[in-house]
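Residues per chain, in single letters:
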Amino acid sequence: MREILIRAGLLASTALACLPAAAQAATPAPFALGVYIGGPNGSDAPAEAQVDANYASFTQAMGVAPTLIDVYTDYGQDIGSWQLNAGWQAYSNSLSPVAKSMIPVVAFPMVSQAGGSPSPDQQFKLFATGQYDWAIQGVVQAWINQGFKNLIFRVGWEMDLNYSVNYAGDDSGTQADWVAAFQHIYQVIHQTAAAAGATVQVVWNPSATNYTNAVATTSLYPGDSYVDIIGVDVYGAMYPYYDNAAGPGVQIYDWATGQIDTSVETFTSKSANRIHYWEYPAAYAAGQLDGSGGHSQSFNSVMEFAMLHNKPFAVPECGSGAYNDQNDVSDDGAFPWWLATTIKHAQSRGLKMSFVSVWDTNNEGDYQFSYKANNQPLTRKNWAKYLSPMVAH
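Residues numbered from 1 in each chain as written. Predicted model: local features only at pLDDT ≥ 70, side-chain atom pairs only at ≥ 80, totals over all residues. Heavy atoms only, no water.

Focus: the overall build of the protein
Scanning the protein from terminus to terminus reveals 14 helices and twelve strands. Against the compact-globule benchmark of 21 Å for 393 residues, the protein has a radius of gyration of 21 Å, which places it among compact chains. Across its three principal directions, the C-alpha atoms of the protein cover 60 × 50 × 45 Å. Across the 393 residues that make up the protein, the buried fraction comes to 58%. Sequence-distant contacts in the protein: of pairs separated by 6 or more residues, those separated by 24 or more amount to 76%. When the accessible surface of the protein is split by element, carbon and sulfur atoms take 51% of a total near 15,200 Å². When the 16 positive and 32 negative side-chain charges of the protein are each reduced to one mean point, those points stand 11 Å apart. (Helix = DSSP H or I, 4+ residues; strand = E, 2+ residues; numbered from the N terminus. Rg over C-alpha atoms; globule rule 2.2 N^0.38 Å. Buried < 20%, exposed > 50% of the residue type's maximum accessible area, 1.4 Å probe, protein only. Contact = heavy atoms within 4.5 Å. Areas by Shrake-Rupley, 256 points an atom, 1.4 Å probe, with all protein chains shown as cover. Lys, Arg positive; Asp, Glu negative; His and termini not counted. Charge placed at Lys NZ, Arg CZ, Asp CG, Glu CD.)

Here's the deal with the environment of phenylalanine 313
Take phenylalanine 313: it is sitting in strand 10 (residues 313–315). We classify phenylalanine 313 as buried; its relative accessible area is 0%. The sequence separation of phenylalanine 313 and valine 203 amounts to 110 residues, and the corresponding C-alpha distance is 9.0 Å.

A closer look at the packing of aromatic side chains
The final tally for this structure, using the stated rule, is 28 aromatic pairs. Ring plane angle 70° and centroid distance 4.7 Å describe the contact between tyrosine 253 and tryptophan 255, whose orientation is recorded as edge-to-face. Judged by centre distance (6.1 Å) and plane angle (70°), the rings of phenylalanine 335 and tryptophan 383 are edge-to-face. With phenylalanine 335 in helix 13 (residues 334–348) and tryptophan 383 in helix 14 (residues 377–387), this residue pair connects regions lying 48 residues apart in the sequence. Grouping residues by exposure puts phenylalanine 335 and tryptophan 383 together as buried. Among the aromatic residues, those joined into a ring-pair cluster are Phe58, Trp278, Phe299, Phe313, Phe335, Trp338, Phe369 and Trp383. (Phe/Tyr/Trp six-rings, centres within 6.5 Å; stacked < 30°, edge-to-face > 60°.)

Here we look at the pairing of strand 1 (residues 32–36)
Taken across its five residues, strand 1 has four buried, putting it largely inside the fold. When strand 1 meets strand 12 (residues 353–359), the two strands line up parallel, connected through five bridges. Among the inter-strand pairings, valine 35 is bridged to a residue of strand 12, identified as valine 358. Across two bridges, strand 1 lies against strand 2 (residues 68–72) in parallel orientation. By the bridge assignment, glycine 34 is partnered in strand 2 with leucine 68. Of the crossover connections in this fold, the one passing from strand 1 over helix 4 (residues 45–62) to the parallel strand 2 is right-handed. (Pairing = 2+ DSSP bridges. Right-handed = clockwise from strand over helix to strand, strands pointing away.)

A word on the pattern of salt bridges
Tallying each qualifying case throughout the model produces seven salt bridges. Between arginine 274 and aspartate 332 there is a salt bridge; the shortest N-O distance is 2.8 Å. Taken together, the residues span a long stretch of sequence, with arginine 274 in helix 11 (residues 271–279) and aspartate 332 in the loop between strand 11 (318–319) and helix 13 at a distance of 58 residues. Residue classification places arginine 274 among the buried residues on the basis of a relative accessible area of 6%. The shortest N-O distance in the salt bridge between glutamate 304 and arginine 349 comes to 3.0 Å. You can see glutamate 304 sitting in helix 12 (residues 299–308) and its partner arginine 349 sitting in the loop between helix 13 and strand 12, a full 45 residues away along the chain. In this structure, a network of salt bridges that share partners links the residues Arg154, Asp233 and Glu317. (Salt bridge = Lys/Arg side-chain N within 4 Å of Asp/Glu carboxyl O.)

Observations regarding a nonpolar patch on the surface
Together, Trp88, Tyr91 and Leu95 line one region of the surface with nonpolar side chains, adding up to about 300 Å² of accessible area. Along the polypeptide, leucine 95 turns up in helix 5 (residues 82–95). Taking the relative accessible area as the measure of exposure, leucine 95 reaches 47% and is therefore partly exposed. (Patch = residues over 30% accessible without salt bridge, like charges linked within 9 Å, V, L, I, M, F, W, Y side chains within 5 Å.)

Side note on the packing of helix 5 against helix 7 (residues 133–145)
Running from N to C, helix 5 and helix 7 point in directions that differ by 15°, and their axes come no closer than 8 Å. As summarised for this structure, helix 5 and helix 7 are arranged roughly parallel, according to the angle between their axes. Handedness of the crossing formed by helix 5 with helix 7: right-handed. Between helix 5 and helix 7, the residues in contact are Trp82, Gln83, Ala86, Gly87, Gln89, Ala90 and Asn93 and Gly138, Val139, Ala142 and Trp143, respectively. (Axes fitted to C-alpha atoms, helices over the stretch in contact; angles between N-to-C directions. Parallel < 35°, antiparallel > 145°, perpendicular 65-115°, else oblique. Left-handed = near helix turned anticlockwise from the far one by under 90°.)

Observations regarding the sheet that holds strand 5 (residues 199–204)
The sheet built from eight strands closes into a barrel, its strands ordered 1-2-3-4-5-6-10-12 with parallel pairing. Strand after strand, the sheet turns through a mean of 30° between neighbouring axes, direction not considered. Inspection of the sheet shows strand 6 (residues 229–231) paired to strand 10 by two bridges, in the parallel sense. Along strand 10, the bridge assignment pairs isoleucine 230 with phenylalanine 313. Strands in contact with helix 12 are strand 5, strand 6 and strand 10; relative to strand 10, the strand with the most contacts, it is inclined by about 150°.

Some words on helix 6 (residues 120–128)
Every buried residue of helix 6 is listed here: Asp121, Gln123, Phe124 and Phe127. The buried residues of helix 6 occupy an angular sector of 160° when the element is viewed end-on, so they sit on one face. Contacts made by the buried residues of helix 6 are with helix 5, strand 3 (103–108), helix 7 and helix 8 (172–195). Where helix 6 terminates, the next one or two residues include glycine 130, which has phi positive at roughly 85°. (Arc of directions from axis to C-beta.)

In structure tokens:
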């Protein structure tokens, strides 16, 4: 399967050159636009005003208003508090002049990191056997009670990243428990929403990464009956593999020149290298696209997986300009161009797009681009130029 996905990614990256003129000119089906601009706050007027200002800035920069908003259940609280946390979030969203009419894309964790919580694997087992059904039902009902009858849930998002709260583990037993938990959570979410007359979709949501022991598209897929949308998170930050055959120290193959770079900063400064990394994050030398031994997950491989399973595809999180360090560039016009172009090419080959949510806040990384004071004119220009025309109005 992994070899198939890598070859499929190769095809995707060269799709423009291979497509007939008619296919290149075809207008892809529009999809929904989402955003993360921080969380609405019903008890803090200045904080709410900032969220509203962020919304206005994003909408002005994009030239189109988002219809979805990312929200996060607080996994730092114990599971017994998740319903109250969701209730407060839903209440705050319902009071927000901008969020009240947007579809919440709710990140639902599969692990609580509160002190005294069971181990992640134990929590997976408790979810799978129905011991936490009351918590799942409570979170879903909290949003419905505040008038949100159209919901999207990202269950156990980014489970292939070993630093993620939802990490599915390095061993097959823990991963099997994760899958069983996901399947059960999916069923309870749908049952709860249906009983209340609400519409809900569940996203299976790994992240693009240059290495994962979780091997997300093979060992962690819960089955088509338990997934409504396949999504992948992708960011501009790069952590390229060193080409050890080229010598000791920092030796990185440069896809722009065919030479060897001796610093990550030199590598990331070139848009050709960044684009190649986003498509093949485990590539390390000419003709060597996978130095991970089959353990990487690229944006392209998950997108192709969605097409293989005939599922709608989404990008629940994306952004660039993360930390203005050697692993990224602070103003990256290539990232929005690459993302929009890759999606458009895949749509011409049959991809069904659901939504793309753009990170436009400096919470957990300097991804905010829409304000002129952010000093990211290329990023702002190209999000609007390339992604906005593809968005449903």
